[in-house]
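Chains, contacts and geometry: an overview
Chain by chain, the residues:
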Amino acid sequence: MAERTLFHRIRDKEIPATIVYEDDEVLAFKDIHPKAPTHLLFIAKKDSDFVPSIDDLTEQTAHVPGLLIRKAQAFAKAHGITGYQLKFHVGRDGGQEVFYLHLHFLSGQALNE
Ligand code: 5GP
């Protein structure tokens, strides 16, 4: 089995994070070093959906980026966020530090909680 990453430990609630959304498929939590008024990270929860990076996608995991984008879109609608950026950092040279695929969700609009 691949090495467990920081985000496995957040997913499994071994490390605290400010969780803003969770269902059976995804978890979204606040980035610890926010680069915008709202900066969230969306990850897929199922072990069968685990992939370290966009660079590692296979037939089996090709749906995961779409899943994360769809959940981010629904989250934005639910919170009245009308403008945002979605980003994947790919590989160390692309600024990726945590090798558990995650979607950055950034918005200049603050999250109304
Ligand atoms: P990457 O650079 O791999 O795309 O993004 C990893 C992100 O995880 C960074 O923006 C970083 O600020 C965030 N991060 C790193 N450690 C923690 C942590 O312990 N908790 C949370 N919530 N975010 C973290």
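Before any of the text, the structure's been laid out above.
Here's a quick rundown of the structure. Keep in mind the model is a prediction, meaning the values are calculated, not measured. (Residues numbered from 1 in each chain as written. Predicted model: local features only at pLDDT ≥ 70, side-chain atom pairs only at ≥ 80, totals over all residues. Heavy atoms only, no water.)

1. Topic: the environment of Y84
Relative to the helices and strands, Y84 resides in the loop between α2 (64-78) and β4 (85-87). Take Y84: its relative accessible area is 31%, and that puts it in the partly exposed class. Between the C-alpha atoms of Y84 and H39, which are 45 residues apart in sequence, the distance is 9.6 Å. If sequence neighbours within four positions are ignored, Y84 has contacts with Q73, A76, F105, L106 and S107. (Helix = DSSP H or I, 4+ residues; strand = E, 2+ residues; numbered from the N terminus. Buried < 20%, exposed > 50% of the residue type's maximum accessible area, 1.4 Å probe, protein only. Contact = heavy atoms within 4.5 Å.)

2. Topic: the pairing of strand β2 (residues 26-30)
With four of five residues buried, β2 lies mostly within the body of the structure. Taken together, strand β1 (residues 19-22) and the strand that follows it, β2, pair antiparallel across an intervening segment of three residues. Alignment of β2 against strand β3 (residues 38-44), held across five bridges, turns out to be antiparallel. When the bridges of β3 are listed, A28 appears paired with F42. (Pairing = 2+ DSSP bridges.)

3. Overview of the packing of aromatic side chains
Under the definition given, this model contains seven aromatic pairs. Summarising the aromatic geometry, the rings of F42 and F75 are spaced 5.9 Å apart at their centres and angled 80 degrees between planes, so their arrangement reads as edge-to-face. Within this pair, whereas F42 is found in strand β3, its partner F75 is found in helix α2, the two being separated by 33 residues in sequence. By the burial criterion, F42 is buried, and F75 matches it. Centre to centre, the rings of F75 and F105 are 6.0 Å apart; their planes meet at 80 degrees, and the pair counts as edge-to-face. You can see F75 sitting in helix α2 and its partner F105 sitting in strand β5 (residues 103-107), a full 30 residues away along the chain. Take F75 and F105: they sit in the same class, and that class is buried. A network of ring pairs unites the aromatic residues F7, F29, F50 and Y100 as a single cluster. (Phe/Tyr/Trp six-rings, centres within 6.5 Å; stacked < 30°, edge-to-face > 60°.)

4. Points about the sheet that holds β3
Within a beta sheet, neighbouring strands are joined by backbone hydrogen bonds and run either parallel or antiparallel to one another. The antiparallel open sheet is built from five strands, whose spatial order is β1-β2-β3-β5-β4. Unpaired on one side and paired on the other, β1 and β4 mark the two borders of the sheet. Across this sheet, the average inter-strand angle for adjacent strands is 20 degrees, counted without regard to direction. Note: β1 against β2, three bridges, orientation antiparallel. Looking at β2, one finds that Y21 is bridged to A28. (Axes fitted to C-alpha atoms, helices over the stretch in contact; angles between N-to-C directions.)

5. Focus: the site of the ligand
In the region of the ligand, 16 residues are neighbours, and D31, G95, E97, H102 and H104 sit closest. Residue K30 places a main-chain N or O atom 2.9 Å away from a nitrogen atom belonging to the ligand. Out of a free accessible area of 520 Å², the ligand has 88% covered by protein chains. With three residues, helix α1 (residues 6-11) is the single largest residue contributor to the shell around the ligand. Looking at the shell around the ligand residue by residue, the classes come out as seven nonpolar, six polar and three charged. (Near = heavy atom within 4 Å. Polar contact = N/O pair within 3.5 Å; in protein donor to acceptor, adjacent residues only side chain to side chain. Areas by Shrake-Rupley, 256 points an atom, 1.4 Å probe, with all protein chains shown as cover. Nonpolar A, V, L, I, M, F, W, Y, C, P; charged D, E, K, R; others polar.)

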